[in-house]
Amino acid sequence: MNKCLERLYNGIIKENPTFVLMLGMCPTLAVTTSAINGCGMGLTTTVILVMSNLMISLLRNIIPDRVRVPAYIVIVASFVTIIQFLLEGFVPSLYDSLGIYIPLIVVNCIILGRAESYASKNPPVVSAFDGLGMGLGFTIAITILGAFRELIGAGTLFNIPVLPDSYEPVTIMILAPGAFFVLSCLIAIQNRIKRKKGVPASECSKSGCAGCSNSLCGGRHLMEAQAVADAVISEKEEAKA
């Protein structure tokens, strides 16, 4: 049970796919013109995450390693098709709002990433909770993003007017540039709050990037990316030799 709760906390707070890992940016920026759209997209992705993680975990010892990614895509696509038909039949307004971004869930890097990094290596129940945590984290993040954009850009919240009639909506907030602006502001606020509770700068300078435990530290991520790039280059040089 502790493991399951840990996966929920990890997906919602510690490794939130939108605010921390910066995954799934295409639907995050495209469909969050309103809070309802963000919530609908998030919950749809959550259901697919839970089901695909569960199925992939159940089949992890059966799927051949060579074809694991195509197999994952087939499994995810099957669940996406089912959810798409259900939305079209029972929630047509949401289906019309999300449009092409429903079938594009198949290649959402959050889903494929969790399938490859977690579900394929862990038991079914824990994998399902991992998908639930990541899905709820994604849902909360894009609902908040959609709520801010809708409030500033239209003066409404969940399509309910909340600002006085004299308010002049900032239309750019419900357009593409507004998505980038609101997302960057929310990430900056979150990082500011976490930084106050995280590793002090003095400790970071003493231990260096290699010993940094601060997940928000940009230097550490750059160092890791450089190490991966160096390893790839060295492998290519060895192959040529």
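Provided above is the structure to which this section pertains.
Residues numbered from 1 in each chain as written. Predicted model: local features only at pLDDT ≥ 70, side-chain atom pairs only at ≥ 80, totals over all residues. Heavy atoms only, no water.

## Observations concerning the pattern of salt bridges
Tallied over the full model, the rule gives four salt bridges. Among the salt bridges present, the one from D65 reaches R68, with a minimum N-O distance of 3.4 Å. Salt-bridge contacts for D130 lead to R114; the nearest nitrogen and oxygen are separated by 2.9 Å. Residue D130 is located in helix α7 (residues 124-154), and its partner R114 is located in helix α6 (residues 109-119); the two are separated by 16 residues in the primary sequence. Both residues of the pair, D130 and R114, belong to the buried class. (Salt bridge = Lys/Arg side-chain N within 4 Å of Asp/Glu carboxyl O. Helix = DSSP H or I, 4+ residues; strand = E, 2+ residues; numbered from the N terminus. Buried < 20%, exposed > 50% of the residue type's maximum accessible area, 1.4 Å probe, protein only.)

## Observations regarding unusual backbone geometry
The phi dihedral of M22 falls on the positive side, at around 60 degrees, and the residue is not glycine. Within the element layout of this structure, M22 appears in the loop between α1 (2-14) and α2 (25-30).

## Details of helix α4 (residues 68-90)
Taking 1.5 Å as the rise per residue, α4 with 23 residues should run 33 Å; its terminal C-alpha atoms sit 33 Å apart, in good agreement. Among the residues making up α4, those that are buried are A71, Y72, I75, V76, F79, V80, I83, Q84 and L87. Contact partners of the buried residues in α4: α3 (35-58), α5 (92-98) and α6. (Expected span 1.5 Å × (residues − 1). Contact = heavy atoms within 4.5 Å.)

## Here we look at the environment of L183
Inspection of the secondary structure puts L183 in helix α8 (residues 176-197). Since its relative accessible area comes to 5%, L183 is described here as buried. Along the sequence, L183 and I144 sit 39 residues apart, while their C-alpha atoms lie 9.6 Å from each other. Discounting chain neighbours no more than four positions away, the residues touching L183 are T18, F19, M25, L29 and L145.

## A look at the environment of G42
Here G42 is to be found in helix α3. Given a relative accessible area of 0%, G42 falls into the buried group. When the C-alpha positions of G42 and M134 are compared, they lie 10.0 Å apart, and in sequence the two are 92 residues distant. G42 has contacts with G135, F138, T139 and I142, leaving out every residue within four places of it along the chain.

## Remarks on the side chain of S34
As for its position among the elements, S34 is in the loop between α2 and α3. Ignoring any residue separated from it by four or fewer positions in sequence, one finds S34 in contact with G146 and E150.

## Topic: the side chain of S127
Mapped onto the secondary structure, S127 falls in helix α7. In this structure S127 comes out as buried when scored by relative accessible area, which is 0%. Each residue touching S127, except ones within four places of it in the same chain, is listed here: N53, S57, Y118, A119 and N122.

## Focus: a nonpolar patch on the surface
On the surface, a cluster of nonpolar side chains totalling about 400 Å² of accessible area is made up of I36, F158, I160, V162 and L163. The class for F158 is partly exposed, based on a relative accessible area of 39%. (Patch = residues over 30% accessible without salt bridge, like charges linked within 9 Å, V, L, I, M, F, W, Y side chains within 5 Å. Areas by Shrake-Rupley, 256 points an atom, 1.4 Å probe, with all protein chains shown as cover.)

## Overview of the packing of α3 against α7
For the pair α3 and α7, the least separation of the axes is 7 Å and the interaxial angle reads 165 degrees. Judged by the angle between their axes, α3 and α7 are roughly antiparallel. For α3 against α7, the interelement crossing comes out right-handed. Among the residues forming the contact of α3 with α7, the class breakdown is 16 nonpolar, twelve polar and two charged. (Axes fitted to C-alpha atoms, helices over the stretch in contact; angles between N-to-C directions. Parallel < 35°, antiparallel > 145°, perpendicular 65-115°, else oblique. Left-handed = near helix turned anticlockwise from the far one by under 90°. Nonpolar A, V, L, I, M, F, W, Y, C, P; charged D, E, K, R; others polar.)

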